[in-house]
Amino acid sequence: GRRRGERGGAGARMRVVQATNATCTSAHGGPRATSGRRRKRWEPRIRKKKERTWNTNVQAVEGELEEGRTTTQRTVAVSAVIVSGVLNLVTHKLALVPLANHIFFLAQFMTVSYVFIYSTTLYVRYKRGYVTQEMLDVPKKTLVLAGMFEAVGLTLGLLGASGLPGAVLPVFSQLILIWQLILSYTLLGRRYPFSQLLGIAMVAVGVATTTNLGSSTATLTVPACARYLCIYILSLGCPAMSILLKEKVFSDYRRKMGRDLDIFVVNTFGSFSQGVSVLLFLPVISRLQGVMLKDIPSYMIEGLFCFFGQGNRHGLDSTGAPLFPLLYIAMNLCFNVSVLRLVRLTSSVLSSMVMATTVPLTILAFMFHLPLLPKPQPVGPFFWPGVWILLAGLAVYNLHDASLAGIRSLRKISGTRSSPHGPPGLEQ
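One numbering rule holds for all chains: residues counted from 1, following each sequence as written. Residue-level local features of this predicted model are given only where pLDDT is at least 70; pairs of side-chain atoms are given and counted only at 80 or more, and the full residue set underlies all totals for whole chains, interfaces and linings. Hydrogens are left out, water is left out, and the side-chain values use all remaining heavy atoms of the structure.

**Digging into the overall build of the protein chain**
What counts here: Strands here are runs of E lasting at least two residues and helices are runs of H or I lasting at least four, both read from the DSSP assignment and numbered beginning at the N terminus. When a residue's accessible area, from a 1.4 Å probe over protein chains only, is under 20% of the maximum for its type it is buried; when over 50% it is exposed; and in between it is partly exposed. By definition in these notes, contact holds between two residues if any of their heavy atoms fall within 4.5 Å. Here the open area of atoms and residues is found with the Shrake-Rupley method and a 1.4 Å probe, where only the protein chains shown may cover a residue.
When helices and strands are counted, the protein chain shows 17 helices and 0 strands. Looking at the protein chain as a whole, 35% of its 428 residues are labelled buried. For the protein chain, the share of sequence-separated contacts (at least 6 apart) that also reach a separation of at least 24 residues comes to 82%. By element, 65% of the accessible surface of the protein chain is carried by carbon and sulfur atoms, the whole surface being about 24,700 Å².

Pasting the structure below:
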């Protein structure tokens, strides 16, 4: 009996050892491959999870790169508007020296030149494939209306400016921001937070301070200038409406096609519509410029000779031509294209605020000794405080967009988990 008990105990110990060995063998991929089949069943799910994590990381990185490219493009566009805007105002002053008595000719010559240059550029870009047929098929009605509003604004602006002192025009021109706020609120349904409204008000106050609004308006007599002032303020609504319509064309095309519309498509059709509208208003515009309708042919011929520096044939001084008029046309073209590109990237309100910064910078530019211009005068005591107010207004306006961009970046970072192995498959 003792021997049978010993043999039974030894057999039990042997069975325990065999069971343990079998369990360890199956756990390491031995004959019992139950856990191996389980691993094969879970491997596709694990790989899909890694692929989703990797794709999320890639999308987050691409989004950050796209935001960086957009920020760079906006910075370049703002710099281009400021530089070209200052050069545009300076060359305009220089171009008026040989063409002081032929401003109406210069305006009409520029309108015809823009239609030709924009059309030629559009044709070349179409042939090279930068402009597609679907871009040319955009609704023309909005662009035609934009050109008509520009022509009406030009006519009313000339009428209103004729009865106002020239020193107050840069100040009252900032009221275009108010027009753009009203029109974007009513037509586009756009809402502006308090910080952006405060920034716009600070920009307008800064421009008024730099130009010394108090001394400029001291010569105004309300009964005599109230009518012209109302006409001039009304005229600012037309370019505000025009630039808002162009912004709508850009946004509608981007939402429909998923890419940006070429700038020269908008410029070409808008300038053509403006040129036709100016011809319709030609009797009114010429009368406002002091040119009778019957004298327009001879007036244009004299202006053409002065433009190319041959004014002495008609007893006129054309010193500085044709260099400065051609420089002004070139700078004005660059300025128009830069403004429209900034409108495509941002909005019409921000574009007008950036253009407002050219006023104090132009005053600084005229402090240097420029050819054909009298000796520069020093700036007033309120110039630098006005500049700081203007820059602070721009910063306050853009603070809201910067905070929204920061919140979006934080949400992307918090919603993304980094994959330690890189793309699926590299860990093997």
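**Observations regarding the pattern of salt bridges**
As a reminder, the rule being used: Throughout this description, the term salt bridge denotes a Lys or Arg side-chain nitrogen within 4 Å of a carboxyl oxygen of Asp or Glu.
By the definition in use, this model includes 7 salt bridges. Put simply, R259 and E134 hold a salt bridge, and the shortest N to O gap is 2.3 Å. Residue R259 is found in the loop between α10 (222–257) and α11 (263–280), and its partner E134 is found in helix α4 (residues 133–136); the two are separated by 125 residues along the sequence. Accessibility expressed as a relative area gives 31% for E134, which makes it partly exposed.

**What about the side chain of S271?**
Along the polypeptide, S271 turns up in helix α11. For S271, the residues in contact, after removing those within four places along its chain, are V115 and Y118.

**Some words on the environment of Y299**
The line we're drawing: A 3.5 Å cut-off defines polar contacts: any pair of N or O atoms within that distance qualifies, except that in protein one atom must be a possible hydrogen donor and the other a possible acceptor, and neighbouring residues in sequence count only when both atoms are side-chain atoms.
Considering the arrangement of structural elements, one finds Y299 in helix α13 (residues 296–307). We classify Y299 as buried; its relative accessible area is 11%. With 195 residues separating them along the chain, Y299 and F104 place their C-alpha atoms 9.2 Å apart. Once residues within four sequence positions are removed from consideration, Y299 is found in contact with N101, H102, I103, F104, F105 and V291. Polar contacts involving the side chain of Y299 include one to the main-chain amide nitrogen of F104, which spans 3.4 Å.

**Examining the nonpolar core**
For the record, the criterion: To form a nonpolar core, buried Ala, Val, Leu, Ile, Met, Phe, Trp, Tyr and Cys residues must be joined to one another through side-chain atoms within 4.5 Å.
Ranked by internal contacts, the top residues of the largest apolar core, which has 35 residues, are L261, V265 and V266. Broken down by secondary-structure element, the contributors of at least two residues to this core are α3 (103–127), α4, α5 (140–161), α10, α11, α12 (282–288), α13 and α14 (323–345). Here this core takes 7 residues from α3, the largest share from any one element. Discounting chain neighbours no more than four positions away, the residues touching V266 are L143, K246, V249, F250, L261 and L340. With 23 residues, the next largest nonpolar core counts A77, Y192, M353 and L394 among its residues.

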